[in-house]
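Fold and contact review
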Amino acid sequence: MTELVSIRDAYGRTLLELGRENENIVVLDADLSSSTKTTLFAAEFPERHFQMGIAEANMIGTAAGLASCGKIPFASTFAVFATCRTFDQLRMSVAYPNLNVKVVATHGGISVGEDGASHHAIEDIALTCALPNFTVIVVADATETEQAIRAAAEHRGPTYVRLTRPSVPIIYRESYDFVIGKAIRLREGKDATIVANGLMLSRALEAARLLATEGISTRVLDMHTVKPLDGQAVQEAAAETGAIVTAEEHLLHGGLGSVVAQTVVEHRAVPMRFVAIRDQYARSGKPEELLELYGLTSQAIATAVRQVVSEK
Amino acid sequence: MTEETLSVSELQGKARCLRCHIIGMTATAGSGHPGGSLSAADIVAALYFRVMRHDPHNPQWQDRDRFVLSKGHAAPVLYAALAESGYFPRELLCSLRCCDSPLQGHPEMHLLPGVEASTGSLGQGLSIANGMALAGRLDGRDYRVYVLLGDGELDEGQVWEAAMAAAHYDLDHVTAILDRNRQQIDGWTEDVMSLEPLADKWRAFGWYVLETNGHNMEAILEALATSRRVKGQPSIIIAHTTKGKGASFMDDNLRFHGNAPDREEMARGLGEVRTEERCKVCGVEYPGPC
């Protein structure tokens, strides 16, 4: 039985630690603090935790005002609300003036589950990547979350970090050198590369293990930072393995696959396939059920790898 | 920081300066929003030349009062006030909206000293002002945050989110000023999307509400002074104004919301606003439209 660890708890804990280390860290929430786990910070630093109610646009603008006065605001809510209804605020109040606001959103993707399409975030990476000055990170497990949140706090500039709702398998057993914009080569391989992040990373590793039994040697890259993309890692993958599959819990349009494809086409075109949600909204269901239904599985990744390898 | 306190008539003179600059710079740029800039000139003059604690030689002074131009299209009045205050040379005003100018069509906070927030997409400034006030409270600083809103802008829901939050957090260091010039692009506000009863609405949101004649300097100063004495809640001054105030042909003339005066209109407008005395001090000759 694979051990699963909560990413959201990791966020809540790390935020609290950061709050103890730096009095300029402030936190905003939109009536979801028990879900986003900013309650931990709120309990110890109530004067630095601002409950904004179900008013996400105002939350982002307020975070911008705090950042303009030297605070380091972490603004949290569900990913769909953090990006869809706040897009103009992210654009005008945060990205355009390049303010040091961290938007850390939970409930990314469709693994949100039973709440259904209104609460799934399948566009958030496309939206945030479209904002100049934004750094966009998708974390895969609890350890990566701790590292990424710390890196986000250190980084100066607009930052979006996406977390999942469900607990996820452990990928990183110890802390490691997380660097924004630097992909991690989790598995060596020479026949193809899977570029993945977030919840799809563990599925990418499963696919690679399965493919190995078929004699296909697959590199796996954890592309936690979608923007700025680690273009060098992508180019090396294209040059050294000759075929790339991307895997993300997001729409095909505008997400990790799109961003990787731009680099591949520009520098070294190789066969590519994309495991992503195909231009549709999902529905209510259990997380695993939805991931299966919408093709976000290790089998889908393995099939895609076989396809690109055959096209080399 | 200005050491001397300007008299009411000196402030009125400053407001005339701002009006001159607004007419000149928008005409020269060939575009811009003179109407909604002119309606705010007296308010902005009162703030920058008498009421606000700020230092043009130290734009990052942590204890400064902040001014957020939430109605960002009125950038000309802000730029004029900053120039007259000494944040940058007045001559730069001739470059409004030019490609390589720091005087962008709507204010950008990193391009020009003294601009506190990047605005232009309406409805966002009050949220930003609230954030600034919260930061000040956390840091134990006493600065005030003034935010100028347009009345058409109140159509935006985010304004009301921010209004709720300001009252919830007892932000008595936030003073909002509403430039109630009664017009927006598609016509009178009450025809487009009725706002009244406005004072009642703000009171219902937990704000201390003042109303004033937005072109009477004494009344403006009194309202600002009263707002500074309000404790435990944010305050709003509903300033009744006229769009285009200062040039008779621009008065309440919707055409000048987002259209610049042409050369002949510029000359006419400047002629109405200018006095001999101010022209000697200012010295900026606006070339007018190309």
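Keep in mind it's a predicted model, so treat the numbers as computed, not measured. (Residues numbered from 1 in each chain as written. Chains lettered and ligands numbered in written order. Predicted model: local features only at pLDDT ≥ 70, side-chain atom pairs only at ≥ 80, totals over all residues.)

It is worth spelling out the nonpolar core at this point. Among soluble globular proteins, nonpolar side chains are generally buried collectively. Core analysis: the largest hydrophobic core is formed by 204 residues, its most contacted members being A:Ile194, A:Ala204, A:Ile244, A:Ile301, A:Val305 and B:Val44. If one sorts the elements of this core by residue count, helix α1 (residues 8-29) of chain B sits on top with ten residues. Of the residues that make up this core, three or more belong to each of domain 1 (4-169) and domain 2 (184-310) of chain A. Setting aside residues no more than four positions away along its own chain, A:Ile194 makes contact with A:Ala204, A:Ala207, A:Ala208, A:Thr218, A:Val220, A:Val245, A:Ala247, A:Ile301 and A:Val305. (Core = buried A, V, L, I, M, F, W, Y, C linked by C-beta atoms within 7 Å. Buried ≥ 20, exposed ≤ 12 C-beta atoms within 10 Å, placed from the backbone. Helix = DSSP H or I, 4+ residues; strand = E, 2+ residues; numbered from the N terminus. Domains from an automatic or database assignment. Contact = placed C-beta atoms within 7 Å.)

Its location among the elements puts B:Gln158 in helix α6 (residues 157-168). Residues B:Gln158 and B:Thr5 lie 153 residues apart in sequence; the distance between their C-alpha atoms is 37 Å. Not counting residues up to four positions away in its chain, the partners in contact with B:Gln158 are A:Ala57, A:Asn58, A:Gly61, B:Gly123, B:Gln124 and B:Ser127.

Another aspect to go through is the interface of chain B and chain A. On the side of chain A, 23 residues touch chain B, which itself brings 23 residues to the contact. Counting residues per element, the ones that place at least two in the side of chain B that touches chain A are α5 (125-138) and α6 of chain B. At ten residues, the largest contribution of residues to the side of chain B that touches chain A is made by α5(B). Here the side of chain B that touches chain A is built from residues that sort into ten nonpolar, ten polar and three charged. (Nonpolar A, V, L, I, M, F, W, Y, C, P; charged D, E, K, R; others polar.)

Structurally, the α-helix is built with 3.6 residues per turn, so residues lying three or four positions apart point the same way. All names here are of chain A. Considered for burial, the residues of helix α10 (residues 231-241) that qualify are Ala233, Val234, Ala237, Ala238 and Thr241. Within α10, the buried residues cover an arc of 135° as seen down the axis, which keeps them to one side. Among the exposed residues of α10, those oriented more than 90 degrees off its buried face are Ala239 and Glu240. Tucked into the core, α10 has its buried residues touching β10 (192-196), β11 (218-222), β13 (244-251) and α11 (256-267). Gly242 sits one or two positions beyond α10 and adopts a positive phi of about 75°. (Arc of directions from axis to C-beta.)

All right, on to the packing of helix α3 (residues 41-51) of chain B against helix α9 (residues 217-229) of chain B then. Residue and element names in this part refer to chain B. In contact at an axis separation of 10 Å, α3 and α9 are set at 60° when each is read in the N-to-C sense. The angle between α3 and α9 places the two elements in the oblique class. Between α3 and α9 the crossing geometry is right-handed. For the pair α3 and α9, contact is made by Asp42, Ile43, Ala46, Arg50 and Val51 and by Met217, Ile220, Leu221 and Leu224, respectively. Taken together, the residues of the contact of α3 with α9 break down into seven nonpolar, no polar and two charged. (Axes fitted to C-alpha atoms, helices over the stretch in contact; angles between N-to-C directions. Parallel < 35°, antiparallel > 145°, perpendicular 65-115°, else oblique. Left-handed = near helix turned anticlockwise from the far one by under 90°.)

This part covers the sheet that holds strand β6 (residues 135-138) of chain A. Residue and element names in this part refer to chain A. Pairing is mixed across the open sheet formed by seven strands, whose spatial order is β3-β2-β4-β5-β7-β6-β12. Because the sheet does not close on itself, it has two edges, and the strands there are β3 (49-51) and β12 (225-227). Sheet twist, expressed as the mean angle between neighbouring strand axes with direction ignored, is 20°. Summarising the sheet, strand β5 (residues 102-106) and strand β7 (residues 159-162) pair through four bridges and their orientation is parallel. Note on β7: the bridge partner recorded for Ala105 is Arg162. Across the face of the sheet, helix α1 (residues 7-21) comes into contact with β2 (25-29), β4 (72-78) and β5 while running at roughly 140° to β2. (Pairing = 2+ DSSP bridges.)

All right, on to the sheet that holds β10(A) then. All names here are of chain A. Taken together, five strands build an open sheet; the order of strands is β9-β11-β10-β13-β14 and the sheet is mixed. Two strands close off the open sheet at either side, each with one partner strand: β9 (184-187) and β14 (272-277). Across the sheet, the mean angle separating the axes of adjacent strands is 25° when strand polarity is ignored. Two strands pair when backbone bridges link them, and β9 and β11 are joined in this way by three bridges, in the antiparallel orientation. Bridge pairing in β11 links Ile184 to Asp222. In the packing of α11 onto the sheet, the strands contacted are β10, β13 and β14, and the crossing angle to β13 comes to about 145°.

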